[in-house]
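Letter by letter, the chains look like this.
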Amino acid sequence: MAKFTTLESKFVSMGIDNIDTDQIIPARFLKTISKAGLGDQLFYDWRYEADGSPKADFILNQEASKSKAVLLAGDNFGCGSSREHAPWALTQYGFRAVISTSFADIFKGNSLKNGLLPIVVPKDIQDWLFANPDSTVKIDLASQTLTIADGRSVTFPVDPFMKHCLLEGVDELGYILQQGPAIEAFEAKRVGSLNTLA
Amino acid sequence: MSKPRTIIEKIWDQHLVAENPGAPALIYIDLHLVHEVTSPQAFSGLRERGLKVRRPDLTFGTVDHSSPTHSFSLPILDTVAETQINQFEKNCTEFGIPHFGYKHEKQGIVHVIGPEHGLTQPGMTVVCGDSHTATHGAFGALAFGIGTSQVEHVLATQCLLQQKSQTYEVRVDGTLKPGVSAKDIILALIAKIGIGGGTGCVFEFTGSAIRSLSMEERMTVCNMAIEAGARAGLIAPDETTFEFLKGRTYAPKGADWDAAVERWKQLPTDPGATYDKSVTIDADALEPMITFGTNPGMGMPISGHIPDPASYSDPLERDSLIKALQYMNLEAGKPLTGQPVNVVFVGSCTNSRMSDLRAAASVLKGRKVAPGVRMMVVPGSQIIKRQAEAEGLDKVFKEAGADWREAGCSMCIAMNGDQLSPGEYSVSTSNRNFEGRQGKGGRTFLASPLTAAASAVTGKVTDVRSLS
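Residues numbered from 1 in each chain as written. Chains lettered and ligands numbered in written order. Predicted model: local features only at pLDDT ≥ 70, side-chain atom pairs only at ≥ 80, totals over all residues. Heavy atoms only, no water.

Before going further, it helps to examine the overall build of chain A. Of the regular secondary structure elements, chain A holds 8 helices and 7 strands. In terms of overall dimensions, chain A has C-alpha extents of about 60 × 45 × 25 Å along its principal axes. For chain A, contacts bridging at least 24 residues in sequence account for 63% of all contacts bridging at least 6. Accessible surface for chain A amounts to roughly 7,700 Å². Of this, 52% is attributable to carbon and sulfur atoms. Across chain A, the mean location of the 19 positive side-chain charges is 2 Å away from that of the 24 negative side-chain charges. (Helix = DSSP H or I, 4+ residues; strand = E, 2+ residues; numbered from the N terminus. Contact = heavy atoms within 4.5 Å. Areas by Shrake-Rupley, 256 points an atom, 1.4 Å probe, with all protein chains shown as cover. Lys, Arg positive; Asp, Glu negative; His and termini not counted. Charge placed at Lys NZ, Arg CZ, Asp CG, Glu CD.)

On the side of chain A, 61 residues touch chain B, which itself brings 77 residues to the contact. Summed over both partners, the interface of chain B with chain A comes to about 5,600 Å²; 58% of that surface belongs to carbon and sulfur atoms. Contact with chain A buries surface across chain B, with Gln-41, Leu-316 and Lys-440 of chain B losing the most and accounting together for 12% of the total. If you look at where chain B meets chain A, you find 8 salt bridges. Salt-bridge contacts for Lys-123 of chain A lead to Asp-314 of chain B; the nearest nitrogen and oxygen are separated by 3.9 Å. (Buried area = accessible area lost by both parts, 1.4 Å probe. Salt bridge = Lys/Arg side-chain N within 4 Å of Asp/Glu carboxyl O.)

Glancing now at the layout of surface pockets. Rolled over the atoms, a probe with the dimensions of a water molecule shows which regions are left empty. Approximately 740 Å³ is the volume found for the largest pocket. Around the largest pocket sit 30 residues that line it, and Asp-105, Lys-108, Gly-109 and Leu-112 of chain A together with Gln-163 of chain B are the ones nearest its centre. Of all the secondary structure elements, the ones that give two or more residues to the lining of the largest pocket are α4 (105-112) and β4 (117-120) of chain A together with β8 (159-162) of chain B. At 6 residues, α4 of chain A tops the list of elements feeding residues into the lining of the largest pocket. (1 Å grid on protein atoms, 1.4 Å probe; cavity = no way out; pocket = protein on both sides within 12 Å on 5 of 7 lines; lining within 4 Å. Points joined across faces, edges and corners; volume = space filled by probe spheres on them.)

For Asn-195 of chain A, the location among the structural elements is in the segment after α8 (180-189). Exposure remark for Asn-195 of chain A: the relative accessible area of 18% places this residue in the buried category. From its side chain, Asn-195 of chain A meets the backbone oxygen of Thr-249 of chain B in a polar contact 3.2 Å long. For Asn-195 of chain A, the contacting residues outside a window of four places in its chain are Thr-249, Tyr-250, Ala-251, Pro-252 and Lys-253 of chain B. (Buried < 20%, exposed > 50% of the residue type's maximum accessible area, 1.4 Å probe, protein only. Polar contact = N/O pair within 3.5 Å; in protein donor to acceptor, adjacent residues only side chain to side chain.)

For the rest of this paragraph, the subject is the sheet that holds strand β18 (residues 425-428) of chain B. All names here are of chain B. Strand order in this open sheet of 5 strands is β17-β16-β15-β18-β19, and the pairing throughout is parallel. Two strands bound the open sheet, and with one partner strand each, they are β17 (403-404) and β19 (443-446). The sheet contact formed by strand β16 (residues 374-377) and β17 spans 2 bridges and is parallel. The residue bridging Met-376 from the neighbouring strand is Asp-403, located in β17. (Pairing = 2+ DSSP bridges.)

Tracing the chain through its elements places Gln-84 of chain B in helix α3 (residues 79-95). Separated by 3.4 Å, the side chain of Gln-84 of chain B and the backbone oxygen of Thr-32 of chain A make a polar contact. Filtering out sequence-adjacent residues up to four positions away, Gln-84 of chain B remains in contact with Leu-30, Lys-31, Thr-32 and Ile-33 of chain A together with Glu-36, Val-37, Pro-40, Ser-66 and Met-415 of chain B.

Here we take up the packing of helix α2 (residues 40-49) of chain B against helix α5 (residues 148-157) of chain B. Residue and element names in this part refer to chain B. One way to put it is that α2 packs onto α5 with a least axis distance of 8 Å and a crossing angle of 50°. Between α2 and α5, the angle is such that the two are oblique. Seen along the crossing, α2 lies across α5 with a hand that is right-handed. Across from Gln-41, Ala-42, Phe-43, Gly-45, Leu-46 and Arg-49 in α2, the residues of α5 making contact are Thr-148, Val-151, Glu-152, Leu-155 and Ala-156. Here the contact of α2 with α5 is built from residues that sort into 6 nonpolar, 3 polar and 2 charged. (Axes fitted to C-alpha atoms, helices over the stretch in contact; angles between N-to-C directions. Parallel < 35°, antiparallel > 145°, perpendicular 65-115°, else oblique. Left-handed = near helix turned anticlockwise from the far one by under 90°. Nonpolar A, V, L, I, M, F, W, Y, C, P; charged D, E, K, R; others polar.)

What the rule picks out here adds up to 3 cavities of 30 Å³ or more. In this structure, the largest cavity encloses a volume near 190 Å³. Every residue lining the largest cavity is counted, 23 residues in all, and those nearest its centre are His-65, Asp-130, His-132, Ile-413 and Arg-437 of chain B. Looking at the lining of the largest cavity, its residues break down into 8 nonpolar, 11 polar and 4 charged. When its volume is computed, the second largest cavity comes out at roughly 150 Å³. Lining of the second largest cavity is provided by 15 residues; of these, Ile-16, Asp-17 and Asn-18 of chain A together with Thr-294 and Glu-435 of chain B occupy positions nearest its centre. The element that contributes the greatest number of residues to the lining of the second largest cavity is helix α11 (residues 315-328) of chain B, accounting for 3 residues. Its residues assigned to classes, the lining of the second largest cavity shows 6 nonpolar, 5 polar and 4 charged.

Backbone-to-backbone hydrogen bonds pair the strands of a sheet. The strands run either parallel or antiparallel. All names here are of chain A. Spatially, 7 strands are ordered β4-β3-β2-β1-β5-β6-β7 in an open sheet, and the strand pairing comes out mixed. With one partner strand each, in any of the chains shown, β4 and β7 (153-155) form the two edges of the open sheet. If you compare each strand with its neighbour and ignore which way they point, the axes differ by 30° on average. Where strand β5 (residues 136-140) meets strand β6 (residues 145-147), 3 bridges bridge the pair, whose relative direction is antiparallel.

This part takes up the pattern of salt bridges. As enumerated under the stated definition, the model contains 35 salt bridges over all chains in all. Notably, a salt bridge pairs Asp-45 of chain A with Arg-28 of chain A, separated by 2.5 Å at the nearest N-O pair. Pair noted here: Asp-45 of chain A is in helix α2 (residues 44-47) and Arg-28 of chain A is in the loop between α1 (21-24) and α2, with a separation of 17 residues, a long-range link. Residue classification places Arg-28 of chain A among the partly exposed positions, given a relative accessible area of 28%. A salt bridge links Asp-57 of chain B to Arg-55 of chain B; its shortest N-O distance comes to 2.9 Å. Take Asp-57 of chain B: its relative accessible area is 33%, and that puts it in the partly exposed class. The network of salt bridges with shared partners includes Glu-187 of chain A together with Arg-54, Arg-55 and Asp-57 of chain B.

So, on to the nonpolar core. Counting 85 residues, the largest nonpolar core has Phe-43, Phe-77 and Leu-90 of chain A together with Phe-397 and Phe-445 of chain B as the members making the most contacts within it. The contact partners of Phe-397 of chain B, leaving out residues within four places of it in the chain, are Leu-357, Ala-360, Ala-361, Leu-364, Val-377, Ala-402 and Trp-404 of chain B. Residues Ile-8, Trp-12, Leu-160 and Ala-260 of chain B belong to the second largest nonpolar core, which totals 83 residues. (Core = buried A, V, L, I, M, F, W, Y, C linked by side-chain atoms within 4.5 Å.)

Further remarks concern α3 of chain B. Residue and element names in this part refer to chain B. End to end, α3 covers 24 Å across 17 residues, agreeing with the expected 24 Å (1.5 Å per residue, within 8%). Where α3 is buried, its residues touch β3 (31-34), α2, β4 (59-62) and β5 (99-100). Its side-chain oxygen 2.9 Å from the backbone nitrogen of Val-80, Asp-78 forms the N-cap of α3. Remark: Gly-96 follows α3 within two positions and exhibits a positive phi of approximately 75°. (Expected span 1.5 Å × (residues − 1).)

Scope: geometric values only; no functional claims are made or implied.
Pasting the structure below:
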């Protein structure tokens, strides 16, 4: 997993509540057996015409968006399907953080496992950012702070373990594998009810 | 006396493997269901790290999302889907995972086959790389959807790092009126608390209306917990649960069964236990529900009128409704009944079981699908398909002019070629009405099998209670 420490970037604004993972990446692109090539399919149905040509007025097709590593979205971003293809597509496009007032649980967990930082901010900060779409934000994961261009800083919550993984660029599986003895001890006393002789 | 606990806390406590400072809890998974769409990258990860599947005996696979539902005599037309299906079967075989592949006589939707074979049992932790895993909560299991990274974690270790969720009681008391079904309970809940209302929570559904539901109906209710933002929703096991499970292939047998039932009887929430949140729904007051917008929270009683964005104070909420109504090409303030529809879909992990097919057939018997309307009926599994055919339901559907298909997710997610054309309207018994969910540009009204069948007959959104 890519490390995340600090980030200073302008942001792409999508002022819509409840952006679901079917919009982030439509289901027909989930037939792939790899993770590659999903960045081009990000927000596909909002981003391209029926003939596959880019819609000029869609924000991700604007030249200025391509260097921005932060997405600003409405409430409850990432609701719906559990597809991890959503954070894969967002990171492949170039995003490293999403700012919103809340995130759907599964999306939040999937993002943290892929070096994409979900940042929850109060409504007034979100409103200010939407009103100042050309401003720059500064993110410092170690201190869990987001600083906006009027000088205000807010702290955002991050699970301490996931923060450690992001700062070090390591994934969770290594840690879980180290718990082998605890897993064996649990299995030794576990009473399963599945008739596995079937 | 120990502190009274909810069923959610009891299952959590029973599955704690480790709680180390600075890390989330490590919990054990009793049943891991896998399918072709969200697992290939996890199997690739295992290969890259040289890992095996720790407990193939607690893992079970089926093909459902990408597989065609047309006749098995036809080839798979989509080579990308065919590659994914073949890779899945290869992965399961290589790692020793029991599975039902394409054309297998027991293949079906992952959330249908788990309960069908007795794999899903009370008190279990159940995960799957699919957000509708909440379905299995109907058995009093803690069941939730996970991403592909977590699929890899569970394959490798049978464990997951998890934060404890908050508990949320959804109490439904009263008696459903004729024409009102389990689907309407859950659509009413989502409309009431919103699609983010359950974020960070696990629902426990309680109350007399829930107790009187069959297992199939309970699955419909739990299935859509995720559409209110909750990762899981469950119902404490009772005699209805035990009766459903007894004798199924993977259910315990003999003395093991008796011992299991004794353990399962300890699961229900203790008297005096408290929840972090709660909400109540009056079953007597419920009408058939239908959605009008582009998320499952945009729902209303079928006799209602589409809300006016001008009545919303929050600008983002107002804009979201305006955008939804533009996409749906619907007018604020108007009723939805009478709206012409092009397609009716009965199926999905929400409503593809025997009772759903019987409900749809009860409306269609002796009637015809309206001219110009395409109706697809897609059973949840091959076993359900054969049972429905044994009861003659397939004949009812075919004589009415509906298309009777092979089992799978089909038009719920539109990955397999079953889809709406741009601009088409459907009444669908599935779980999501997001933009393009049933095909690019398609417009979905979510409703019960009764409402779907009634709408197929008239060719318009129809209150089943209005059919003579």
